[in-house]
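# Observations on the three-dimensional arrangement
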Amino acid sequence: MNVGVAHSEVNPNTRVMNSRGMWLTYALGVGLLHIVLLSIPFFSVPVAWTLTNVIHNLGMYVFLHAVKGTPFETPDQGKARLLTHWEQLDYGVQFTSSRKFFTISPIILYFLASFYTKYDPTHFILNTASLLTVLIPKMPQLHGVRIFGINK
Amino acid sequence: MRPEPGGCCCRRPLRANGCVANGEVRNGYVRSSAAAAAAAAGQIHHVTQNGGLYKRPFNEAFEETPMLVAVLTYVGYGVLTLFGYLRDFLRHWRIEKCHHATERKEQQDFVSLYQDFENFYTRNLYMRIRDNWNRPICSVPGARVDIMERQSHDYNWSFKYTGNIIKGVINMGSYNYLGFARNTGSCQEAAAKVLEEYGVGVCSTRQEIGNLDKHEELEKLVASFLGVEAAMAYGMGFATNSMNIPALVGKGCLILSDELNHASLVLGARLSGATIRIFKHNNMQSLEKLLKDAIVYGQPRTRRPWKKILILVEGIYSMEGSIVRLPEVIALKKKYKAYLYLDEAHSIGALGPTGRGVVDYFGLDPQDVDVMMGTFTKSFGASGGYIGGKKELIDYLRTHSHSAVYATSLSPPVVEQIVTSMKCIMGQDGTTLGKECIQQLAENTRYFRRRLKEMGFIIYGNEDSPVVPLMLYMPAKIGAFGREMLKRNIGVVVVGFPATPIIESRARFCLSAAHTKEILDTALKEIDEVGDLLQLKYSRHRLVPLLDRPFDETTYEETED
């Protein structure tokens, strides 16, 4: 029971992406990652962009689509235990503004990476593959679907 | 909640004696109209619009989180989460010693007992600052309390008691609003006498042989205190809500509950089987919309009218410090013919010129509230809860309430404590102690809140509520604030995520009539120091310190932004 809790929100995970300043923090985090990668002298600009894209998509996949459940106990007896964070957002309502934002941001990063790598084939394959790993789980048709038993 | 930039300036005062009226007051201070319109743009306030319903200014403010602070808070939680994953990884691969409970090797083929991920926050965030909660005390928790000192050598996984006792810690965490948490005085003597006469407990339910004459006396007293026809008392405040709401509503009824209602109300609503709809905290437009939709559309599929519509609100919300907009709720309830259930757990005894709660505070008629519920835990220094209302309602609850049938009745010494303290508040014991306590609490509240706002902290809630949440925001500051305050001999309660929304962790001060001005000044001095040390003074509209004048005089100040 949510005794001593300041709100009647059953699962705070559903609302955390809508909180004030979360999008800005996320954008700043990606920017910081990119600057760190650019500062390493061994990486050229195309490599740094591809690395930013890949690491960002990897992080997004792990935190939004791989980890299931909530890091705290919820009073709803674990309804969200088998759901990834993406599926928990806004209690499963599709096309809310947070979902749109987190769908568009890897696409924007992909455009920027393609531009800065000058559409080089190797980079293109890497970037496209990592974009797909992050876009496909976000489709509403794949809500709750576990392909090949991954992440059941 | 919508801000109304120009609207409030156009209203003229409604009172004949020229006192400041609701329309001109924003956030407790009067502004000139031009400055108000310009300055209002960047702030979000709750300003009352209905000058006629409110007899005194209703000043509630929930200042928005500054963006930089929000970003840093997320960064803080992000870093803690990453380190949490790292530590879990180390613990899993046995590089680091694992202190918490895990299954034995023989059990690993069975279905797992523990969901490891659900304890992530407990393991990695709560454990780090666990020494701020569950501190053992060893004296009566009045204005000052003695705390047992404890140390931890393994980062709060286990505690050792050094044997020292920190004496005289200023207690800002107890719900001791009127100062009845004492072990000396008339209440204690009366309770001791009743203990000798009646014993400790009855061990029976009200409907069997647990109904004492003491209980009848208490219920008559509670009814006269509240101004209602009849009342019934229960052994536990939480159980009063969770066991009686199912007796009042059932399937086919609609419950409109505030966003920030207490767990007992939420549990009672769920147990009843009625449909629950939640309206935004203290937001009358949201409530009216829900009421209109309920009456126009009826039940979800059958479109039949609802059997009952019950509005669940609290008097003071203890985590926000806000007071319910009772005049508007009652106006809405009368317009749409709904029922009102008012939970005065924190406001009974603490608000109002005679201490009769939020109904008294707004100067309304207690007959307008259908079910008045409250607890004896906070202002009366006892335990238990009550429900007051019309005689038919209470007679119905005597037979149909789960607590009446299955739960043991109140213990006699506790009843005597309630009776004595209530008589003291009402002035029936022949002294003016009750009235003094109520006045002292009101003065303490205003003084404390004003001083904290002047210092530049962000304080939530209504100007008159004795619950003062001070915003901390960042996870590290939660632990730091609690520990620094204890070092300076002040005990506070801090709350963080997931109990509050992620960017709204806070420290909550509960003021008491037992706090003298010296105690409050000491506390304020220390809070000022800690605020400078931890950089907690986030407020962007500093208030110019006003001269010490009583409330009724008209004082005009400008606020600097």
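Under an unreviewed UniProt entry, chain B has the name serine C-palmitoyltransferase and belongs to Mustela putorius furo. According to the UniProt record, the Subcellular location (unreviewed entry) comment for chain B is "Endoplasmic reticulum membrane". What UniProt states about chain B under its Cofactor (unreviewed entry) heading is, verbatim, "pyridoxal 5'-phosphate".

Under an unreviewed UniProt entry, the name given to chain A is ORM1-like 1, and the source organism is Mustela putorius furo. UniProt, in its Subunit (unreviewed entry) section for chain A, records the words "Ceramide-sensitive subunit of the serine palmitoyltransferase (SPT) complex, which is also composed of SPTLC1, SPTLC2/3 and SPTSSA/B."

Here we come to helix α2 (residues 45–66) of chain A. All names here are of chain A. The end-to-end C-alpha distance of α2 is 30 Å, a good match for the 32 Å that 22 residues give at a rise of 1.5 Å each. Residues of α2 that are buried: A48, W49, T50, T52, N53, H56, N57, M60, L64 and H65. Structurally, α2 contributes buried residues whose contacts are with α1 (22–39), α3 (85–88), α4 (97–116) and α5 (121–135).

Moving on, we come to the side chain of S242 of chain B. Looking at where S242 of chain B falls in the secondary structure, it is placed in helix α7 (residues 237–248). With residues near it in sequence (within four places) discarded, S242 of chain B still touches S264, L267, G268 and L271 of chain B.

Next up on the list: a negative patch on the surface. A surface patch of negative charge is lined by E196, E197, D213 and E216 of chain B. If you list the elements that add at least two residues to the negative patch, you get α5 (186–198) and α6 (213–226) of chain B.

What follows covers the sheet that holds strand β6 (residues 160–171) of chain B. Residue and element names in this part refer to chain B. Across the sheet, three strands lie side by side as β5-β6-β18; this open sheet has mixed pairing. Single-partner strands in this sheet number two, and they are β5 (144–151) and β18 (490–491). Strand direction decides the pairing type here: β6 and β18, joined by two bridges, are parallel. Among the inter-strand pairings, N171 is bridged to a residue of β18, identified as G491. Sitting on the sheet, helix α17 (residues 517–534) touches β5, β6 and β18, and the angle it makes with β6 is about 115°.

Right, let's get into the packing of α2 of chain A against α4 of chain A. Residues and elements named next belong to chain A. At their nearest, the axes of α2 and α4 sit 8 Å apart, and the two run at 160° to each other. Here α2 lies roughly antiparallel to α4, going by the angle between them. Along this stretch, α2 crosses α4, giving a crossing that reads as left-handed. Residues V45, P46, W49, T52, N53, H56, N57 and M60 of α2 form the contact with α4, whose own contacting residues are F102, S105, P106, L109, Y110, L112, A113 and Y116. In the contact of α2 with α4, the residues fall into eleven nonpolar, five polar and no charged.

All names here are of chain B. Evaluation of the coordinates by the stated rule reveals 32 salt bridges over all chains. The salt bridge involving R488 is made with E484; its shortest N-O contact spans 2.6 Å. Taken together, the shared-partner salt bridges connect E484, K487, R488, E526 and E529 into one network.

This part takes up the domain arrangement of chain B. Residues and elements named next belong to chain B. For chain B, the domain assignment lists domain 1 (132–171 + 433–534) and domain 2 (186–426). Each of domain 1 and domain 2 has a C-alpha centre, and these two points are 28 Å apart. Between domain 1 and domain 2, the residue contacts involve 17 residues of the former and 17 residues of the latter. Between domain 1 and domain 2, a total of about 1300 Å² is buried, with carbon and sulfur atoms accounting for 60% of that surface. Applying the counting criterion to the domain 1 and domain 2 interface returns one salt bridge. Residue E320 pairs with R506 through a salt bridge whose shortest N-O separation is 2.8 Å.

Conventions used here
Residues numbered from 1 in each chain as written. Chains lettered and ligands numbered in written order. Predicted model: local features only at pLDDT ≥ 70, side-chain atom pairs only at ≥ 80, totals over all residues. Heavy atoms only, no water. UniProt positions renumbered as here; feature names shortened; annotations may be inferred. Helix = DSSP H or I, 4+ residues; strand = E, 2+ residues; numbered from the N terminus. Expected span 1.5 Å × (residues − 1). Buried < 20%, exposed > 50% of the residue type's maximum accessible area, 1.4 Å probe, protein only. Contact = heavy atoms within 4.5 Å. Patch = residues over 30% accessible without salt bridge, like charges linked within 9 Å, V, L, I, M, F, W, Y side chains within 5 Å. Areas by Shrake-Rupley, 256 points an atom, 1.4 Å probe, with all protein chains shown as cover. Salt bridge = Lys/Arg side-chain N within 4 Å of Asp/Glu carboxyl O. Lys, Arg positive; Asp, Glu negative; His and termini not counted. Charge placed at Lys NZ, Arg CZ, Asp CG, Glu CD. Pairing = 2+ DSSP bridges. Axes fitted to C-alpha atoms, helices over the stretch in contact; angles between N-to-C directions. Parallel < 35°, antiparallel > 145°, perpendicular 65-115°, else oblique. Left-handed = near helix turned anticlockwise from the far one by under 90°. Nonpolar A, V, L, I, M, F, W, Y, C, P; charged D, E, K, R; others polar. Domains from an automatic or database assignment. Buried area = accessible area lost by both parts, 1.4 Å probe.

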